[in-house]
Amino acid sequence: MSDEILVRKSGRATEIVLNRPDAGNGVTNEMAAALGQAIGGASESHFIVLRGAGADFCTGRAIMGRPPEERPGAYERRAQNEVIFECYGAFRRSPIPVVGVVQGRALGFGCALASLCDITLASTAAIFQLPEMGHNIMPTMAMSSLVDRVPRKALMYLTYSTKPIDAQKALSFGIVSDVVPPQDLENAVEDLREALEKAPRPAILAVKEYARSALSMDIASAVDFARNLHATVNSAAQMRG
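Residues numbered from 1 in each chain as written. Predicted model: local features only at pLDDT ≥ 70, side-chain atom pairs only at ≥ 80, totals over all residues. Heavy atoms only, no water.

Colleague: Pulling in residues and values, what's your account of the pairing of strand β1 (residues 5–10)?
Modeller: Consecutive side chains of a regular strand alternate in pointing toward one face of the sheet and then the other. As judged from the six bridges shared by β1 and strand β2 (residues 13–18), these two strands associate in the antiparallel manner. In the sheet register, Leu6 faces β2, and the bridge partner there is Val17. Connecting β1 to the antiparallel partner β2 that follows it, the hairpin turn spans two residues, and Gly11 within it adopts a positive phi of roughly 65°. (Pairing = 2+ DSSP bridges. Helix = DSSP H or I, 4+ residues; strand = E, 2+ residues; numbered from the N terminus.)

Colleague: An account of the sheet that holds strand β8 (residues 165–166) is requested, with residue identities and associated values reported.
Modeller: Read across the open sheet, the three strands follow the order β5-β7-β8; overall the sheet is mixed. Pairing within the sheet leaves two strands with one partner each, and these edge strands are β5 (105–107) and β8. Judged from the three bridges that link them, β5 and strand β7 (residues 127–129) form a sheet pairing that is parallel. Bridge pairing in β7 places Arg105 opposite Ile127. Packing against the sheet, helix α3 (residues 109–116) makes contact with β5 and β7, and its axis sits at approximately 100° to β5. (Contact = heavy atoms within 4.5 Å. Axes fitted to C-alpha atoms, helices over the stretch in contact; angles between N-to-C directions.)

Colleague: So, helix α1 (residues 29–40): which residues are in play, and what are the values?
Modeller: For α1, with twelve residues, the first-to-last C-alpha span of 17 Å sits near the 16 Å given by 1.5 Å per residue. Here α1 has its buried residues at Met31, Ala32, Ala34, Leu35, Gly36, Ala38 and Ile39. (Expected span 1.5 Å × (residues − 1). Buried < 20%, exposed > 50% of the residue type's maximum accessible area, 1.4 Å probe, protein only.)

Colleague: Quick rundown of the packing of aromatic side chains? Include the residues and the values.
Modeller: All chains considered together, the criterion is met by four aromatic pairs. Ring centres of Tyr88 and Phe109 lie 6.0 Å apart, and the angle between their planes is 20°; this geometry places the pair in the stacked category. With a gap of 21 residues between them, Tyr88 in helix α2 (residues 74–93) and Phe109 in helix α3 connect regions that are remote in the sequence. With a relative accessible area of 3%, Tyr88 lands in the buried category. Judged by its relative accessible area of 3%, Phe109 is buried. When the centroid spacing of 6.3 Å and the interplanar angle of 80° are considered together, the rings of Tyr157 and Phe173 count as edge-to-face. One end of the pair, Tyr157, is in helix α5 (residues 152–161); the other, Phe173, is in helix α6 (residues 167–173), with 16 residues separating them in the sequence. Three or more aromatic residues joined by ring pairs form one cluster here, namely Phe85, Tyr88 and Phe109. (Phe/Tyr/Trp six-rings, centres within 6.5 Å; stacked < 30°, edge-to-face > 60°.)

Colleague: Explain the sheet that holds strand β4 (residues 98–102) residue by residue, including any values.
Modeller: Backbone-to-backbone hydrogen bonds pair the strands of a sheet. The strands run either parallel or antiparallel. With mixed pairing, the six strands of this open sheet are ordered in space as β1-β2-β3-β4-β6-β9. On the outer flanks of this sheet lie β1 and β9 (178–180), each paired with one strand and no other. The mean inter-strand angle of the sheet, taken between neighbouring strand axes irrespective of direction, is 20°. Where helix α7 (residues 185–198) meets the sheet, it contacts β1, β2, β3 (47–52), β4, β6 (119–123) and β9, and its direction lies at approximately 160° from that of β6.

Colleague: Explain the side chain of Gln129 residue by residue, including any values.
Modeller: The topology assignment puts Gln129 in strand β7. In this structure the side chain of Gln129 is engaged in a polar contact, spanning 2.6 Å, whose partner is the backbone oxygen of Thr162. The residues contacting Gln129, other than those within four sequence positions of it, are Ala106, Leu107, Gly108, Cys111, Thr162, Lys163 and Pro164. (Polar contact = N/O pair within 3.5 Å; in protein donor to acceptor, adjacent residues only side chain to side chain.)

Colleague: Run through the pattern of salt bridges, naming residues and quoting values.
Modeller: According to the stated counting rule, one finds twelve salt bridges in the structure shown. The closest approach of N and O atoms between Asp118 and Lys208, which form a salt bridge, is 3.0 Å. With Asp118 in the loop between α3 and β6 and Lys208 in helix α8 (residues 201–214), this pair connects stretches of sequence that are 90 residues apart. Residue Lys208 is classed as buried on the basis of its relative accessible area, which comes to 6%. Salt-bridge contacts for Lys198 lead to Glu194; the nearest nitrogen and oxygen are separated by 3.3 Å. Remark: Glu194 and Lys198 occur in helix α7; sequence separation between them is four residues, near one turn of the helix. Beyond isolated ion pairs, a larger network of salt bridges with shared partners links Arg8, Glu15, Arg193 and Glu197. (Salt bridge = Lys/Arg side-chain N within 4 Å of Asp/Glu carboxyl O.)

Below, the structure is given as structure tokens:
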């Protein structure tokens, strides 16, 4: 894994950093593949903290903004797109929660990543945008990352308008979980880390499992699933420690 994706263990967390600060942490296909691998390889931790180095979280894919003649053909693009879909899938398949920390711009792929995180903490200085339509790119790839995260009207507005939104609006849309002033962002991260560090591992895994599956169930099935998890997980020895 290159130094453009930094991965390290810190306590019970795996920390992942997008590390191209001079390029706004724009993600190449190689970085997207490495990010998916890092997410998938962190399952022994209690949780993951994902952030960007420097001023921005992630300003999108490195291919964005290139003139059409410099973009790959359909066959090559399909293979490259699979890397992105696989990266999205790694977030959804992860058995542990992913915490996103957004301090600046989260555009395109960056907005998708912020949405895919189970919990996203954002600075009031953060900006979110899906600019693909403005680059003549049909954006169902980006939309697929948000489709189970944000309401329909928010999704359609972000996609069609291409307008950037601030962190408070991103909070109302469901892209982020909490918004704090820039000077308080790291304290908010540490408070959340402390809560996750203390939580028993069976509960960490069960909450993620429930959130991953129950939201697509009918009500009766979701309640039955909750009943089963509640009975089995709370009887684990680790829950009494």
